[in-house]
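Listed below are the residues making up each chain.
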Amino acid sequence: MSIIRGEFSSRFGFVMAASGSAVGLGNIWGFPTQAASNGGAAFLLVYLILAFTLAYPALMAELIIGRHAHANAVSALRLVSPNRLIGNIGALAGIAGLVVASLILSFYAIVAGWMIAFFFASIADLFGIEALSVWLISFSTLRNIMFMLIFMALNVGIISAGVQGGIERWSTRLMPVLLTTLALLVIYVFTLDGALEGLRVYLLPDFSQILSPGLIINALGSAFFSLSLGVGTMLIYGSYIKDNENLPVVGGMVTLLDVMIAVLAGFLVLPAMYVALHSGVEIFTDSGDLISEDTLIFTVLPELFYAMGVTGIIVSLIFFFLMSVAAVTSSISMLEVPVAYAIEERGIDRKIATFGVGCVIALISCCILLNFETFFSAVIIFTTRYSQPLLGFVFCIYAGWVWQRDLLLRELRKGNPNISEGLFWKIWPWYVRLVCPLIILAIFVQSIWG
Ligand code: TRP
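Residues numbered from 1 in each chain as written. Predicted model: local features only at pLDDT ≥ 70, side-chain atom pairs only at ≥ 80, totals over all residues. Heavy atoms only, no water.

Looking now at the pattern of salt bridges. In this structure the tally under the stated criterion is eight salt bridges. Between E411 and R67 there is a salt bridge, and its shortest N-O distance comes to 2.5 Å. Linking E411 in helix α17 (residues 405-413) with R67 in helix α3 (residues 41-69), this pair joins segments that are 344 residues apart in sequence. For the pair E411 and R67, one class covers both residues: buried. The salt bridge involving E336 is made with R350; its shortest N-O contact spans 3.0 Å. Placement of E336 in helix α14 (residues 309-346) and of R350 in helix α15 (residues 350-370) is noted, with a sequence separation of 14 residues between them. Looking at R350, the relative accessible area reads 17%, which means it is buried. (Salt bridge = Lys/Arg side-chain N within 4 Å of Asp/Glu carboxyl O. Helix = DSSP H or I, 4+ residues; strand = E, 2+ residues; numbered from the N terminus. Buried < 20%, exposed > 50% of the residue type's maximum accessible area, 1.4 Å probe, protein only.)

Given below as structure tokens:
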């Protein structure tokens, strides 16, 4: 059975789609809040080092395997294997990846639903409909399920339109909007009292924390999550890249954009916290640590917006719009993983596959929402702390050890005939072979024992 596969139409299209996948709630929410509670610039420094030395090589492993196979992770890992047994193990890892991608989407859709609800709450405020606004920002099962479903419907709509008509079209539209909105918010926040205090916390490193295992584990987790690694997302996006594209260069662009936007988001969120402090909002916990995670986004910032009156409503609207846009361009890349598998391995039509997979994931989200205390953080920890690094490790092993090196070089040469003389080919091969797997394992073991 032969299926005409989708393809990104240009380098710009791919870079927007892949950085759209990378830039999400992890950058704008996860990274700044983690930096805030992990020693500010110390975390930033470790994050930058890990992003370029570990996450970038792991990203390249996925992109190269994907582009070579022009197929989903399951068939791609089978294709690069020398025999049946190793091929089957690879296929199993590919299936694990699509299960993990679906589970990540099931909690991501819940959080993204909250962002959309807060966005609509600002609109309700603008029109003075207070009761609606209060309902929208209050935690209730009905609200949670409703907005998760709205968000999933958006995803299904985009992914069912295919690679160029859905993923590329929406990423190239939304990413420039996202960047502009973020930049405007950063500029605005710096005009407010207290912002410089936040900037100091962000940029003055607390080096006493830099070698703490907790910090390094969190930074690695952040970098892996942020670059969408370890579930086959980047592999499937890589499989839609044209053969004449220079992979190390486009991979580098995506990493750079992702890191830049995370760092830029830090310039928004940390100063905003201190602006909030300045206007009387509590930003420290009883033990003296900075408030972080959900309390920050859903309590501290809304209180700050509230204290700012009408301007606050507009800023809040823009902020939650930004969060919702960032979430959509990321989540479509998660949904594409199981959908591509269903299309290519099971021969199902794209529209039907997208709808079916979307329903299953929405159902999982409902189960999580109905047992929120038990499942919500458990699913996050299982997927992001354990599964992602382990599967990232497997992708590195397949790119570094399983796949024949001359075939790998041949794949890279398609986009750059002189690649074997460059720096990338001198460093990257032994890097994915030894350095990445060893460091991932070391940090992983540490995170289980620590
Ligand atoms: N990178 C996205 C973020 O920072 C999330 C994301 C998209 C993701 N696709 C993924 C995370 C695949 C893990 C795996 O929010």
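From this point, the narrative continues.
What follows is about α14. Between its terminal C-alpha atoms α14 stretches 54 Å, which fits the 56 Å expected from 38 residues at 1.5 Å a residue. E336 marks the point of greatest bend in α14, at about 30°, and the proline P338 comes within the next four residues. For α14, a buried count of 29 out of 38 residues is recorded, marking the element as mostly surrounded by other parts of the structure. Taken from the residues just after α14, G347 is the one with a positive phi, measuring 70°. (Expected span 1.5 Å × (residues − 1). Bend = angle between axes of the 7 residues up to and from the residue.)

Glancing now at the site of the ligand. Neighbouring residues of the ligand: 17 residues in total, closest A22, G26, Y108, F225 and S226. For the ligand, an oxygen atom lies 2.8 Å from a polar atom in the backbone of G26. A distance of 3.0 Å is found between a nitrogen atom of the ligand and a backbone nitrogen or oxygen belonging to S226. Relative to its unbound accessible area of 360 Å², the ligand is 100% covered by the protein chains. (Near = heavy atom within 4 Å. Polar contact = N/O pair within 3.5 Å; in protein donor to acceptor, adjacent residues only side chain to side chain. Areas by Shrake-Rupley, 256 points an atom, 1.4 Å probe, with all protein chains shown as cover.)

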